[in-house]
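Below, each chain spelled out in residue letters.
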Amino acid sequence: MHGAASEFLNVRETARQLAAYENTVRAYAKQGLLPRCAGAGTAFYRFRESDVQRLKAQRGACALSLAAERRTASPEYATASQLALWPQTNAREAQDRLPELVRRLLFETPGAGRISIRTGDGVALAGKDGVATLERQTKLLPAGTIWFEFGTDKESKRKATKDYDGRKTEASHDVTFVFVTVRRWQGKDTWVAERRAERLFKDVLVLDADDLEAWLQVAPAAHLWISETLGLRPRDALTLETWWDRSSAATKPTLPLKLFIAGRAKEAQRLRSLLDEEPRVTSIQTEWVDDALGFLYASLVPDDETSSEPGAVTIVRSTGVWDRIVALPGPGILVPDFENADVSRALAGGRHVVAIIDSDSAMRRSVDIRLPRVGRNEAAEAFRAGDVEWRQADRLAVLARRSMPALARRLSRSPRVQQPTWSRPPLADSLAALMLASRWTDRPEDLHVLSELAAVPSVDLQGAIADASRGSDPAIRSVRNVFVFTSLEEAFLRVWQPGVISSGCAMGRDRNQRSPRSKSL
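No experiment lies behind these values; they were computed from the predicted model shown.

Engineer: Just checking my understanding: could you explain the confidence of the model for the chain for this structure?
Structural biologist: In the predicted model, the chain carries a mean pLDDT of 81, and the fraction of residues at 70 or more is 80%. In the predicted structure, residues 506–521 sits below a pLDDT of 50 and forms 16 contacts with residues beyond four places in sequence or in another chain.

Rendered as structure tokens:
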């Protein structure tokens with residue numbers, strides 16, 4: 001009995017064998033990389049020792065120790081172990097994204113320039129996988145011109161040799177040859193020594209998973225991006241690309257990217273010009289934070305949706321993560337989503353800061369960009385470009401111009417959306433009466449009629465209209481001195497739900513008194 005039980009290891013014992021975190025072991029089991037033994041006499045995770053040893057051999061003899069793994073910025077960020085497993089879990093993605101990872105790392109490397117690296121389908125084309133120039137030496141790369149070749153194959157030596165041999169005829173003593181693999185390569189030092197002995201290049205290097213992890217630790221934006229790509233969710237930080245992917249997928253139809261710059265061409269150009277200057281704080285005033293984030297993303301994506309430089313915009317939601325990022329110099333754009341961010345350190349390190357300011361917030365200085373409401377015609381065209389029916393596109397454009405939050409709620413895929421503040425008493429009581437009028441002006445005769453409908457004094461009604469017209473998610477808009485509901489349909493559905501209008505409201509009493517009679521009919 002004892003001998004049979006010893007064949008199985010629990011999560012903690014397996015983690016020690018693999019020099020990995022216990023959560024990483026559970027992830028291996030969920031991904032099918034480490035078979036779980038359900039018949040081991042327990043409901044907990046149990047693994048055969050032979051399976052653990054097999055996975056350990058696949059990961060390479062140079063597995064990180066726990067101490068080394070904990071030196072990464074956070075356990076939620078990608079490690080060398082996770083990079084090494086990437087080709088096994090998603091070979092195609094690893095092949096396509098490895099060049100993009102290196103490109104992003106280079107863009108965060110001070111002194112790196114003339115960066116040309118193929119990504120996506122371009123990796124299949126003939127020629128060098130990548131070229132870059134470094135003004136000064138780093139801990140991993142020398143100064144001067146570098147030719148990059150990438151590989152995710154299990155046989156790293158075979159792939160590296162093939163790529164190296166393919167560059168022999170154009171070798172130069174002014175160029176360093178660098179082979180990059182996401183796998184761990186135990187024999188890389190021997191291979192490098194043999195190639196250096198040929199003296200064809202200025203130098204020959206290999207960067208494997210462990211070297212990439214070391215590079216990621218001084219490139220926070222790239223580290224965040226690859227972590228998200230591998231399915232991790234780092235706390236309190238988010239790339240703008242991931243924010244957009246999640247936000248746009250939350251509605252049906254998806255909100256078109258060009259909706260956020262509809263009628264805002266001048267503001268988009270202004271933003272790009274400011275971000276081309278030396279690092280500075282650029283403020284954007286908006287009624288809705290998500291509108292400003294969408295505007296930022298849409299403004300920085302080229303018209304042809306390709307770019308020689310990947311976006312490096314990071315949304316940061318805590319002081320701890322902010323301090324960790326700004327402690328390292330490098331380019332990029334930071335968007336603080338918390339109070340009192342230390343912007344001076346970010347600027348000193350070479351990063352731009354984009355501050356998103358609510359329209360109701362007080363500012364110590366004038367804002368750089370005030371986001372106007374989206375243009376109706378341009379918004380309609382953006383929807384039509386996404387195959388939305390002609391009239392529906394126009395209706396959505398009208399709603400987008402009146403209220404972007406109301407548009408997002410209208411198109412939300414989720415039945416659980418946040419209720420606007422105006423849909424709760426006591427403000428909902430006044431809105432119920434105003435909906436009978438649909439539209440009105442601020443002339444005394446209009447207010448008198450509305451006051452009679454709502455059974456509240458005109459002064460109180462004016463206060464309710466003002467409250468419902470302000471903030472990031474107003475129920476009412478003033479259009480050419482005429483007050484209208486942002487979305488009369490949404491207001492009706494939310495305000496006239498059972499229990500929303502208080503029993504003390506005249507409209508609520510009237511509805512409650514009539515409801516039994518309507519049921520009998």
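Engineer: Looking at this structure, I do not really get the sheet that holds strand S13 (residues 369–370). What am I missing?
Structural biologist: Think of a sheet as strands paired side by side through backbone hydrogen bonds, with each pair either parallel or antiparallel. Read across the open sheet, the six strands follow the order S8-S10-S11-S12-S9-S13; overall the sheet is mixed. Taken across any chain shown, the strands that pair with only one partner, and hence form the sheet edges, are strand S8 (237–239) and S13. Note that strand S10 (residues 313–316) and strand S11 (residues 333–336) share four bridges and pair parallel. Following the sheet pairing, Val313 is matched in S11 by Ile333. Those strands touched by helix H12 (residues 240–248) are S8 and S10, and its axis lies near 80° from that of S8.

Engineer: Would you take a moment to explain unusual backbone geometry for this structure?
Structural biologist: Across the chain, the bulk of peptide bonds are trans and the bulk of non-glycine residues have phi less than zero. A cis amide bond links Lys252 with the next residue in sequence, Pro253, at an omega value of 0°. In this structure, Pro253 sits in the loop between H12 and helix H13 (265–275). Look at Asp236: it is not a glycine, yet its phi comes out positive at around 60°. If you trace the backbone, Asp236 turns up in the loop between helix H11 (220–229) and S8. Overall, Asp236 belongs to the partly exposed group, its relative accessible area being 34%. The backbone phi angle of Asn340 is positive, close to 60°, even though this residue is not glycine. Structurally, Asn340 is set in the loop between S11 and helix H16 (343–348). Residue Asn340 is classed as exposed on the basis of its relative accessible area, which comes to 75%.

Engineer: Would you mind showing me how to read helix H15 (residues 319–326) here?
Structural biologist: Along an α-helix, a turn takes 3.6 residues, which lines up residues three or four apart on a common side. Within H15, the full set of buried residues consists of Val321, Trp322, Ile325 and Val326. Angularly, the buried residues of H15 cover 125° about the axis, an arc narrow enough to put them on a single face. Against H11, S8, S10, S11, H16 and strand S12 (352–358) lie the buried residues of H15.

Engineer: Is there a simple way to think about the packing of aromatic side chains in this case?
Structural biologist: How two aromatic rings sit relative to each other is set out by the distance from centre to centre and by the angle between their planes. One pass over the full model with this rule turns up 13 aromatic pairs. Note on Phe179 and Trp185: the rings are 6.2 Å apart at their centroids and 85° apart in plane angle, and the pair reads as edge-to-face. The burial state of Phe179 is the same as that of Trp185; both residues are buried. Ring geometry for Trp440 against Phe483: centres 6.0 Å apart, planes inclined by 15°, an arrangement best described as stacked. Separated by 43 residues along the polypeptide, Trp440 in strand S14 (residues 439–440) and Phe483 in strand S16 (residues 482–485) bring together distant segments of the chain. You'll find Trp440 and Phe483 in the same group, each marked buried.

Engineer: For this particular structure, what's the right way to read the nonpolar core?
Structural biologist: Nonpolar side chains in soluble globular proteins tend to end up buried together. Leu240, Leu259, Ile284, Phe383 and Leu407 are the most contacted members of the largest nonpolar core, which has 40 residues in total. Those elements that place two or more of their residues in this core are H12, H13, helix H14 (289–300), S10, S11, helix H17 (376–385), helix H18 (390–402) and helix H19 (404–411). No other element matches the six residues that H14 contributes to this core. Look past the residues within four positions of Leu240 in its chain and what remains in contact with it is Leu293, Leu296, Tyr297, Val313 and Ile315.

Engineer: Could you clarify how one ought to interpret a nonpolar patch on the surface in this entry?
Structural biologist: A cluster of nonpolar residues, Leu436, Val449 and Leu453, forms a patch on the protein surface that exposes about 260 Å² of accessible area. Relative to the elements of secondary structure, Leu453 occurs in helix H21 (residues 444–454). Judged by its relative accessible area of 35%, Leu453 is partly exposed.

Engineer: How should I be thinking about the side chain of Thr152 in this particular structure?
Structural biologist: Mapped onto the elements, Thr152 comes out in the loop between strand S5 (144–151) and helix H8 (156–165). You can call Thr152 buried: its relative accessible area is 13%. Those residues in contact with Thr152, other than ones at most four positions away along the chain, are Pro87, Ala94, Gln95, Leu98, Val182 and Arg183.

Engineer: Explain the pattern of salt bridges here, please?
Structural biologist: When charged atoms on two side chains of opposite charge get close, those side chains can pair. Evaluation of the coordinates by the stated rule reveals 25 salt bridges. Linking Arg235 and Glu76 is a salt bridge whose minimum nitrogen-to-oxygen distance equals 2.6 Å. Of the two residues, Arg235 is situated in the loop between H11 and S8 and Glu76 in the loop between helix H5 (66–69) and helix H6 (80–89); the sequence distance between them amounts to 159 residues. Classification of Arg235 by relative accessible area gives exposed; the value is 57%.

Engineer: Quick question: what am I supposed to make of the packing of helix H20 (residues 427–437) against helix H22 (residues 458–469) here?
Structural biologist: Packing of H20 against H22 brings their axes to within 10 Å, and their N-to-C directions diverge by 100°. Overall, the two elements H20 and H22 adopt an arrangement that is roughly perpendicular. Of the residues in H22, those in contact with Leu427, Ser430, Leu431 and Leu434 of H20 are Leu461, Ala464, Ile465, Asp467 and Ala468. Here the residues of the contact of H20 with H22 sort into seven nonpolar, one polar and one charged.

Engineer: How should I be thinking about H8 in this particular structure?
Structural biologist: Residues of H8 that are buried: Ser156, Lys159, Ala160, Thr161, Asp163 and Tyr164. Looking at the buried side of H8, the elements it contacts are S5, strand S6 (175–181), helix H9 (188–196) and strand S7 (203–207).

Engineer: What am I meant to see in the pairing of strand S9 (residues 281–286) here?
Structural biologist: Consecutive residues of a regular strand have side chains that alternate between opposite faces of the sheet. Counted residue by residue, S9 has five buried out of six residues, so it is predominantly covered. With six bridges joining them, S9 and S12 adopt parallel strand pairing. Residue pairing in the sheet places Ser283 in a bridge with Ala355 of S12. Inspection of the sheet shows S9 paired to S13 by two bridges, in the parallel sense. The partner of Ile284 across the bridge, within S13, is Ile369.

Engineer: Before we go on, may I ask you to explain the side chain of Arg167 in this structure?
Structural biologist: Locating Arg167 in the fold gives a position in the loop between H8 and S6. A polar contact is formed between the side chain of Arg167 and the side chain of Glu149, at a distance of 2.9 Å. Apart from the residues within four sequence positions on either side, Arg167 is in contact with Gly127, Lys128, Trp147, Glu149, Phe177 and Phe201.

Conventions adopted
- Residues numbered from 1 in each chain as written.
- Predicted model: local features only at pLDDT ≥ 70, side-chain atom pairs only at ≥ 80, totals over all residues.
- Heavy atoms only, no water.
- pLDDT = per-residue confidence, 0-100.
- Contact = heavy atoms within 4.5 Å.
- Pairing = 2+ DSSP bridges.
- Helix = DSSP H or I, 4+ residues; strand = E, 2+ residues; numbered from the N terminus.
- Axes fitted to C-alpha atoms, helices over the stretch in contact; angles between N-to-C directions.
- Buried < 20%, exposed > 50% of the residue type's maximum accessible area, 1.4 Å probe, protein only.
- Arc of directions from axis to C-beta.
- Phe/Tyr/Trp six-rings, centres within 6.5 Å; stacked < 30°, edge-to-face > 60°.
- Core = buried A, V, L, I, M, F, W, Y, C linked by side-chain atoms within 4.5 Å.
- Patch = residues over 30% accessible without salt bridge, like charges linked within 9 Å, V, L, I, M, F, W, Y side chains within 5 Å.
- Areas by Shrake-Rupley, 256 points an atom, 1.4 Å probe, with all protein chains shown as cover.
- Salt bridge = Lys/Arg side-chain N within 4 Å of Asp/Glu carboxyl O.
- Parallel < 35°, antiparallel > 145°, perpendicular 65-115°, else oblique.
- Nonpolar A, V, L, I, M, F, W, Y, C, P; charged D, E, K, R; others polar.
- Polar contact = N/O pair within 3.5 Å; in protein donor to acceptor, adjacent residues only side chain to side chain.

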